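# Reading the structure
Residues per chain, in single letters:
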Amino acid sequence: MVRTVWLYESRPELGWSGGDAGVSNHQIVQTLQQHPKLRDFVAVGEQVGTATGMIKSAAAAASYLVTQASSRDLTPWFDGIIEGTGLVKSDPRLLFRRVMFNHTRKPAGQPLRRRETREHVTLHLKAFNAWTTDIQLTGAQLKYTPREPVPPIHTH
């Protein structure tokens, strides 16, 4: 979770696995010192991860990042992605849930897709940005391209 926050802040345009993903213990400790409230998001990550199929550490990191960036009450965002109750078809929260569920389902005869932190964080932030700016998304718009930078968080 701390590693993901460091990678988001330091390397949003690079891969988060392999050679580009090295994060030292010093960088981890420093990041946790800069973001002490990150610890409070372990439970949120558990809830979002369980509800959507997101990698739990990615869910916690993304939840922390959007909360830090936004000054508004994000309870409706979290309720929507965790519960999914009463969401209309064009709601980015519902679309995010569907995309994540599809990632965790194994089509007959197909190997299960490898889950990647960078992909999950990117999809979470894209859906959040659409929700916070009242933009409706389609399934074709909420997708991940491996070489794209992780998006900045919109705060209005």
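This text goes with the structure placed above it.
Structural notes, computed from the coordinates. In this text, all values refer to a predicted model and were calculated from it rather than measured experimentally.

Attention shifts here to the overall build of the protein chain. The number of helices and strands found in the protein chain is seven helices and zero strands. When its helices and strands are written in sequence order, the protein chain yields α-α-α-α-α-α-α. For 156 residues, the compact-globule formula gives about 15 Å, and the C-alpha radius of gyration of the protein chain, at 15 Å, lands near that figure. The dimensions of the protein chain, computed from C-alpha atoms along their principal axes, are 45 × 40 × 25 Å. A total of 156 residues make up the protein chain; the buried ones form 46% of that total.

Generally speaking, a soluble globular protein has its nonpolar side chains buried in company with each other. Within the largest apolar cluster, 42 residues are counted, with the highest numbers of intra-cluster contacts made by V48, M54, V66, W77, F78, F96 and L142. Counting residues per element, the ones that place at least two in this core are α1 (2-10), α3 (42-52), α4 (56-69), α5 (75-83), α6 (92-104) and α7 (117-132). With residues up to four places along the chain from it excluded, the contact list for V66 reads L74, W77, F78, H124, L125, F128 and I153.

One can find H35 in the loop between α2 (25-34) and α3. If we skip the residues at most four places from it in the chain, H35 touches V5, E9 and Y64.

A few words now on the pattern of salt bridges. As enumerated under the stated definition, the model contains three salt bridges in all. The salt bridge involving E46 is made with K56; its shortest N-O contact spans 3.4 Å. With E46 in helix α3 and K56 in helix α4, this pair connects stretches of sequence that are ten residues apart. Note on K56: relative accessible area 36%, which makes it partly exposed. For K126, the salt bridge identified is with E148, shortest N-O distance 2.9 Å. Of this pair, K126 sits in helix α7 while E148 sits in the segment after α7, and the two are 22 residues apart along the sequence.

Our focus in this paragraph is α5. Each full turn of the α-helix corresponds to 3.6 residues, which orients residues three or four apart in the same direction. Turning to α5, its buried residues number three or more, namely W77, F78, G80, I81 and I82. At its buried positions, α5 is contacted by α3, α4, α6 and α7. In the segment just after α5, G84 is the residue with positive phi, at about 70°.

Our next topic: the environment of M100. Looking at the element boundaries, M100 is found in helix α6. The class of M100 is buried, set by a relative accessible area of 0%. Residues M100 and I55 lie 45 residues apart in sequence; the distance between their C-alpha atoms is 9.9 Å. Dropping the residues within four chain positions of it, M100 is found in contact with T52, G53, M54, H120 and L123.

Once that is clear, we can look at the packing of α1 against α2. Between α1 and α2, whose axes approach to 9 Å, the crossing angle comes to 85°. Classed by the angle they form, the pair α1 and α2 counts as roughly perpendicular. Contacts between α1 and α2 involve V2, R3, V5, W6 and E9 from the first element and Q27, I28, T31, L32 and Q34 from the second. Tallied by class, the residues present in the contact of α1 with α2 amount to five nonpolar, three polar and two charged.

Running from N to C, α3 and α5 cross one another at 40°; their axes reach a closest spacing of 8 Å. In terms of orientation, α3 and α5 fall into the oblique class. On α5, the residues that touch V44, Q47, V48, A51 and T52 of α3 are F78, I81 and I82. Its residues placed into classes, the contact of α3 with α5 shows six nonpolar, two polar and no charged.

Reading guide: rules and limits
- Residues numbered from 1 in each chain as written.
- Predicted model: local features only at pLDDT ≥ 70, side-chain atom pairs only at ≥ 80, totals over all residues.
- Heavy atoms only, no water.
- Helix = DSSP H or I, 4+ residues; strand = E, 2+ residues; numbered from the N terminus.
- Rg over C-alpha atoms; globule rule 2.2 N^0.38 Å.
- Buried < 20%, exposed > 50% of the residue type's maximum accessible area, 1.4 Å probe, protein only.
- Core = buried A, V, L, I, M, F, W, Y, C linked by side-chain atoms within 4.5 Å.
- Contact = heavy atoms within 4.5 Å.
- Salt bridge = Lys/Arg side-chain N within 4 Å of Asp/Glu carboxyl O.
- Axes fitted to C-alpha atoms, helices over the stretch in contact; angles between N-to-C directions.
- Parallel < 35°, antiparallel > 145°, perpendicular 65-115°, else oblique.
- Nonpolar A, V, L, I, M, F, W, Y, C, P; charged D, E, K, R; others polar.

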